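Per-entry structural report
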Amino acid sequence: MGLESLSEDNLRSWKKRGNLGQDYLAAVQRLHAAGIAIYTGFVFGADADTPDVFPRTLDFLLEANVDCLQATRMTPFPGTPLFAEMDRQGRILDREWSHYDFGHVVYEPVHMSRETLDEGVAWVQSQFYARRSIARRAWHSLRYLDPNMLLRAFLALNLGYRRKMAVDGNFRRGAGFEPNPLHHHSVDGAGASIGT
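Further remarks concern the overall build of the protein chain. In terms of regular secondary structure, the protein chain is built from 8 helices and 2 strands. Helices (α) and strands (β) of the protein chain occur, in sequence order from the N terminus, as α-α-β-α-β-α-α-α-α-α. Here the C-alpha atoms of the protein chain give a radius of gyration of 17 Å, agreeing with the 16 Å that 2.2 N^0.38 yields for 196 residues. In terms of overall dimensions, the protein chain has a C-alpha envelope of 50 × 35 × 35 Å along the principal axes. The burial tally for the protein chain puts 44% of its 196 residues in the buried class. For the protein chain, long-range pairs separated by at least 24 residues make up 68% of all intrachain contacts whose partners lie at least 6 apart in sequence. Carbon and sulfur atoms provide 55% of the accessible area of the protein chain, an area that totals close to 10000 Å². Distance between charge centroids for the protein chain: 6 Å, based on 22 positive and 23 negative side chains.

Before going further, it helps to spend a moment on the nonpolar core. Counting 44 residues, the largest nonpolar core has Phe44, Phe54 and Phe60 as its most contacted members. Of all the secondary-structure elements, those providing two or more residues to this core are α2 (24-33), β1 (39-44), α3 (53-64), β2 (68-73), α4 (81-88), α5 (114-128), α6 (131-141) and α7 (147-168). Ranked by the residues each element gives to this core, the list is headed by α3, at 7 residues. Residues in contact with Phe54, not counting those within four places in the same chain, are Phe44, Met112, Thr116, Leu117, Gly120, Val121, Trp123, Val124 and Phe177.

As for its position among the elements, Gly160 is in helix α7. Spatially, the C-alpha atom of Gly160 lies 9.8 Å from that of Tyr129, the residues being 31 residues apart in sequence.

Along the chain, Arg73 falls in strand β2. Given the relative accessible area of 3%, Arg73 is considered buried. Among the polar contacts listed, one links the side chain of Arg73 to the side chain of Asp118, at a separation of 2.8 Å.

Another aspect to go through is α2. Where α2 is concerned, the buried positions are Tyr24, Ala27, Val28 and His32. Here the buried residues of α2 occupy an arc of 135° about the axis, which is enough to place them on one side. α2 presents Arg30 and Ala33 as exposed residues on the side facing more than 90 degrees away from its buried surface. Tucked inside the fold, the buried residues of α2 contact α1 (8-13) and α3. The N-cap of α2, judged by a side-chain oxygen 3.2 Å from the amide nitrogen of Leu25 a few residues on, is Asp23.

Attention now moves to the layout of surface pockets. Here the largest pocket defines a volume of roughly 530 Å³. Of all elements in the fold, only α1, β2 and α4 reach the threshold of two or more residues within the lining of the largest pocket. In terms of residue count, the dominant contributor to the lining of the largest pocket is α4 (4 residues). The class makeup of the residues in the lining of the largest pocket is 11 nonpolar, 6 polar and 8 charged. Among the elements of the structure, β2, α7 and α8 (170-174) are those that each provide at least two residues to the lining of the second largest pocket. Looking at the lining of the second largest pocket residue by residue, the classes come out as 4 nonpolar, 5 polar and 4 charged.

This brings us to the packing of α3 against α5. Relative orientation of the contacting elements α3 and α5 amounts to 20°, with a least axis distance of 10 Å. Taken together, the axes of α3 and α5 are roughly parallel relative to one another. As α3 runs across α5, the sense of the crossing is right-handed. Across the interface between the two elements, Phe54, Pro55, Leu58 and Leu61 from α3 touch Thr116, Leu117, Gly120, Val121, Trp123, Val124, Gln127 and Phe128 from α5. Partitioning the contact of α3 with α5 into residue classes produces 9 nonpolar, 3 polar and no charged.

The rules behind these values
In this convention, every chain numbers its residues from 1, walking through the sequence in written order. With pLDDT at 70 or above as the cut-off, local features in this predicted model cover only qualifying residues; side-chain atom pairs require 80 or more to be listed or tallied, and sums for whole chains, interfaces and linings still use all residues. Each side-chain value is worked out from all heavy atoms of the structure, with water and hydrogens disregarded. What counts as a helix is a DSSP run of H or I of at least four residues, what counts as a strand is a run of E of at least two, and both are numbered from the N terminus. In this setup the radius of gyration rests on C-alpha atoms only. A globule is expected at 2.2 Å times the number of residues raised to 0.38. Exposure categories follow from relative accessible area, calculated using a 1.4 Å probe and restricted to protein chains: below 20% of the type maximum is buried, above 50% is exposed, and the middle band is partly exposed. Between two residues, a contact is recorded if the distance between any of their heavy atoms is within 4.5 Å. Surface exposure here means Shrake-Rupley accessible area, sampled with a 1.4 Å probe, where a residue is shielded only by the protein chains that are shown. The positive count covers Lys and Arg only, the negative count covers Asp and Glu only, and His and the chain ends enter neither. One atom stands in for each charge, and that atom is NZ of Lys, CZ of Arg, CG of Asp or CD of Glu. Only buried residues count toward a nonpolar core, which is a set of Ala, Val, Leu, Ile, Met, Phe, Trp, Tyr and Cys residues joined through side-chain atoms within 4.5 Å. The definition of a polar contact used here is a pair of N or O atoms within 3.5 Å, where within protein one atom must be able to donate a hydrogen and the other to accept one, and adjacent residues in sequence count solely through side-chain atom pairs. This arc is taken over the directions from the axis of the helix to the C-beta atoms. The distinction between a cavity and a pocket rests on a 1 Å grid over the protein atoms alone: a 1.4 Å probe fits inside a cavity but cannot get out, while a pocket stays open yet meets protein on both sides within 12 Å along at least five of seven lines, and a residue with an atom within 4 Å of a point counts as lining. Grid points are joined across faces, edges and corners, and a volume is the space filled by probe spheres set on the points. Nonpolar residues are Ala, Val, Leu, Ile, Met, Phe, Trp, Tyr, Cys and Pro. Charged residues are Asp, Glu, Lys and Arg, and all others, Gly as well, are polar. Axis angles are defined between N-to-C directions and span 0 to 180 degrees, where every axis is a line fitted to C-alpha atoms and, for a helix, only to the segment in contact. Should an angle fall under 35 degrees it is taken as roughly parallel, and over 145 as roughly antiparallel, whereas 65 to 115 is taken as roughly perpendicular and any remaining angle as oblique. The hand of a helix crossing depends on one turn: near helix anticlockwise from the far one by less than a right angle means left-handed, and clockwise means right-handed.

Quick look at the structure:
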């Protein structure tokens, strides 16, 4: 389920009209009530995003008990209007096409540095896929998922993403991001408890 962003400005700029005005939390709760797990995608780095997008999105993901997450860095692919506009503005900084993979920041964001965007996405992933976070979400998922589905799908996806992040260095890169501690729940990569 491509939720994409919590920002209506971002959704408008991407022409994601179907997402506008939606209550994501209520939608996730309705799907969970029907016994459906949520695997969602969020894109970070649009022009309306500021560094607080990372803790705000993590708060939503934890509150909604989203089951699995694909978090990506916005990528202005060559041949798209987004690339053409950023190129006209002089914001395309990397023309190594193999870096256009949702895992690299190839342009200059508006409200944060490239490093903040890269580390912020890695931080969201590392917090979401922390052992304690996976265990907490699995426990809550037993309310709406069959235990067999929990083992075969939920845990397989979550542990697979966790393993990939360790290999890709996302846990290490996420440690460089410093969120405002007053605006989010904290789950560190080592599995600290969730708190406010």
